[in-house]
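Remarks on the overall topology
Spelled out, the chains give:
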Amino acid sequence: MCPMADQMTRPLEGRHILLGITGSIAAYKAAMLCRLLVREGAEVQVVMTALAKEFITPLTMATLSRRPILVEFFDPENGAWNSHVKLGEWADLMLIAPVTANTLAKMTGGVADNLLLTSYLSARCPVMVAPAMDLDMYAHYTTQRNLAELQAHGVKIVEPGSGELASGLEGKGRMAEPEEIVEAVKAHFAADKKKALAGNHFVVTAGATIEPIDPVRYITNHSTGKMGYAIAEALAAHGARVTLVSGRTALAVPPGVDRVDVLTAEEMYQAAVEAFAEADGAVMCAAVADYTPREVAAEKIKKQGEGDMTLTLRRTQDIAARLGTAKGARVLVGFALETCDEQAHAEEKLAKKNFDFIVLNSLRDAGAGFRGDTNKVTLIDAAGSEELPLLSKREVAERIVEKIESIIIK
Ligand code: CTP
């Protein structure tokens with residue numbers, strides 16, 4: 001392409017943006033936002049809530065987006081169905097600007113009482129929101145909790161600004177300016193272009209396994225799956241096809257990831273080995289039980305007098321070690337969670353399981369390990385180790401995926 005033509009290419013050319021507008025006074029800014037998105041080359045489909053129509057007219061939005069806007073599940077005139085599933089499939093990005101405290105709460109709660117929300121629930125694409133509300137509503141713990149929860153599930157937040165609000169009060173809650181939102185959209189798609197792992201298939205194991213003792217009890221551990229899910233999401237964001245073999249967790253499937261649900265170490269072994277057969281690499285993030293009850297009682301075990309009880313456990317299969325023997329030139333990444341002699345234990349596992357590199361977590365580091373949204377890790381390979389600072393699990397995942405990329409793309 002000649003340099004002139006390159007310059008003339010608009011950054012959002014051909015991108016499908018589903019622009020959701022909810023009932024806030026900031027809805028008037030959605031007109032400018034829509035115009036800027038179209039000017040940058042995006043195709044914009046507007047979906048509004050009924051209340052949003054009170055703040056900005058459908059006619060304005062339809063004119064600027066060059067498409068009829070959508071509000072209802074079906075057209076009351078002719079009964080034509082507005083398929084939220086199709087909208088969700090069509091969109092490359094769902095941008096809700098402005099998003100009210102009410103819609104944020106409904107999004108976290110899975111409420112589906114308007115077309116905007118059903119489209120959100122059906123969307124397979126990334127979602128971005130630009131909150132707009134009064135300062136106290138924005139600061140309220142429920143709003144902050146909802147935003148944190150959405151963010152943890154991959155929703156991107158364009159932070160509101162501070163200043164004079166419609167209520168006359170001063171503070172944080174004013175929707176970001178349309179220009180800032182467009183910059184965030186452009187940055188999102190620019191990052192999206194870094195699909196260096198396109199054409200590669202990765203298996204990620206995540207979460208804890210559950211080993212039944214009887215129909216009521218089981219053995220498990222504290223793993224939440226957050227780190228593994230963040231890795232699956234980062235791999236998918238870099239263009240890889242991802243099979244996430246997951247123990248039981250409350251987490252949502254990250255966009256673009258195929259999840260295989262398992263319970264026991266044996267089920268995880270079978271699923272991971274099968275998926276790895278046609279994969280280009282694997283990240284072993286699951287906390288797999290090393291032992292499982294030799295016998296699973298068919299009926300609930302009743303207590304016997306006052307004495308102790310003994311449960312006989314047998315070893316489970318080591319999934320990582322099995323993939324390590326089969327890996328050939330493929331990439332295999334392991335995890336080590338240690339409480340003492342961390343480096344030595346991790347190096348031993350690196351060699352024993354034939355990992356390309358191992359991610360060491362020390363439970364002695366504050367902010368590392370289970371449950372939290374941060375982690376502090378050291379990446380260790382045959383050449384040495386790199387200690388990363390305390391980062392969010394998403395950032396740790398990004399660094400791990402970048403290291404995988406550096407191995408694959410030499
Ligand atoms: N792993 C696995 N299958 C198992 C056990 C562990 O795939 N049955 C993987 C984990 O996902 C992790 C790495 O192996 O990537 C951890 O190594 P391991 O030595 O098994 O750790 P621990 O189970 O914590 O072992 P130890 O009790 O010896 O510390």
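Residues numbered from 1 in each chain as written. Predicted model: local features only at pLDDT ≥ 70, side-chain atom pairs only at ≥ 80, totals over all residues. Heavy atoms only, no water.

**Concerning the overall build of the protein**
Helix and strand content of the protein: 15 helices and 21 strands. Dimensions of the protein along its principal axes, counting C-alpha atoms only, are 75 × 65 × 45 Å. Considering the protein as a whole, with its 410 residues, one finds that 47% of them fall into the buried category. Expressed as a percentage of contacts within the protein between residues at least 6 apart in sequence, the contacts between residues at least 24 apart total 67%. (Helix = DSSP H or I, 4+ residues; strand = E, 2+ residues; numbered from the N terminus. Buried < 20%, exposed > 50% of the residue type's maximum accessible area, 1.4 Å probe, protein only. Contact = heavy atoms within 4.5 Å.)

**Comments concerning the layout of surface pockets**
Estimated volume of the largest pocket: approximately 1100 Å³. If you trace the largest pocket, you find 43 residues lining it, with Ala-286, Ala-287, Val-288, Phe-335 and Leu-337 closest to the centre. Contributing elements (two or more residues each) for the lining of the largest pocket: helix H11 (226-237), strand S15 (313-315), helix H13 (319-326), strand S16 (331-338) and helix H14 (342-352). Residues belonging to the lining of the largest pocket are distributed by class as follows: 17 nonpolar, 16 polar and 10 charged. In terms of lining residues, the second largest pocket is bounded by 28 residues, among which Pro-126, Lys-156, His-188, Glu-233 and Ala-237 are the most central. Listing elements by their share of the lining of the second largest pocket, those giving two or more residues are strand S5 (156-157), helix H10 (178-192), H11 and helix H15 (393-408). Looking at the lining of the second largest pocket element by element, the count peaks at five residues for H11. Of the residues that constitute the lining of the second largest pocket, the class distribution is 12 nonpolar, six polar and 10 charged. When residues of the lining of the second largest pocket are sorted by domain, at least three fall in each of domain 1 (11-191) and domain 2 (195-293 + 311-408). (1 Å grid on protein atoms, 1.4 Å probe; cavity = no way out; pocket = protein on both sides within 12 Å on 5 of 7 lines; lining within 4 Å. Points joined across faces, edges and corners; volume = space filled by probe spheres on them. Nonpolar A, V, L, I, M, F, W, Y, C, P; charged D, E, K, R; others polar. Domains from an automatic or database assignment.)

**Let's talk about the pattern of salt bridges**
Counted according to the given criterion, the structure contains 18 salt bridges. Residue Arg-217 pairs with Asp-214 through a salt bridge whose shortest N-O separation is 2.6 Å. Residue class for Asp-214 comes out buried when judged on its relative accessible area of 4%. Salt-bridge contacts for Asp-381 lead to Lys-403; the nearest nitrogen and oxygen are separated by 2.9 Å. Placement of Asp-381 in strand S19 (residues 377-381) and of Lys-403 in helix H15 is noted, with a sequence separation of 22 residues between them. Here the salt bridges share partners, and the residues they tie into one network are Glu-40, Glu-183 and Lys-186. (Salt bridge = Lys/Arg side-chain N within 4 Å of Asp/Glu carboxyl O.)

**Considerations on unusual backbone geometry**
Backbone torsion omega between Ala-97 and Pro-98 reads 0°, so that peptide bond is classified as cis. Within the chain, Asp-341 stands out as a residue other than glycine whose phi angle is a positive 45°. The exposure class assigned to Asp-341 is exposed, which follows from its relative accessible area of 52%. A positive phi angle, close to 65°, is found at Asn-354, a residue other than glycine.

**Section: the sheet that holds strand S1 (residues 16-21)**
With respect to topology, five strands assemble into an open sheet ordered S2-S1-S3-S4-S5, the strand pairing being parallel. With one partner strand each, in any of the chains shown, strand S2 (43-48) and S5 form the two edges of the open sheet. Both S1 and S2 contribute to a ladder of six bridges, which runs parallel. Across the sheet, residue Ile-17 finds its bridge partner in S2, namely Val-44. Its contacts with the sheet put helix H7 (residues 115-122) on S1, S2, strand S3 (93-99) and strand S4 (127-131), and the angle it makes with S3 is roughly 140°. (Pairing = 2+ DSSP bridges. Axes fitted to C-alpha atoms, helices over the stretch in contact; angles between N-to-C directions.)

**Thoughts on the environment of Gln-151**
Tracing the backbone shows Gln-151 in helix H9 (residues 141-152). Along the backbone, Gln-151 and Met-128 are 23 residues apart, and their C-alpha atoms lie at a distance of 9.4 Å. Those residues in contact with Gln-151 that lie beyond four places of it in its chain are Ile-157 and Arg-394.

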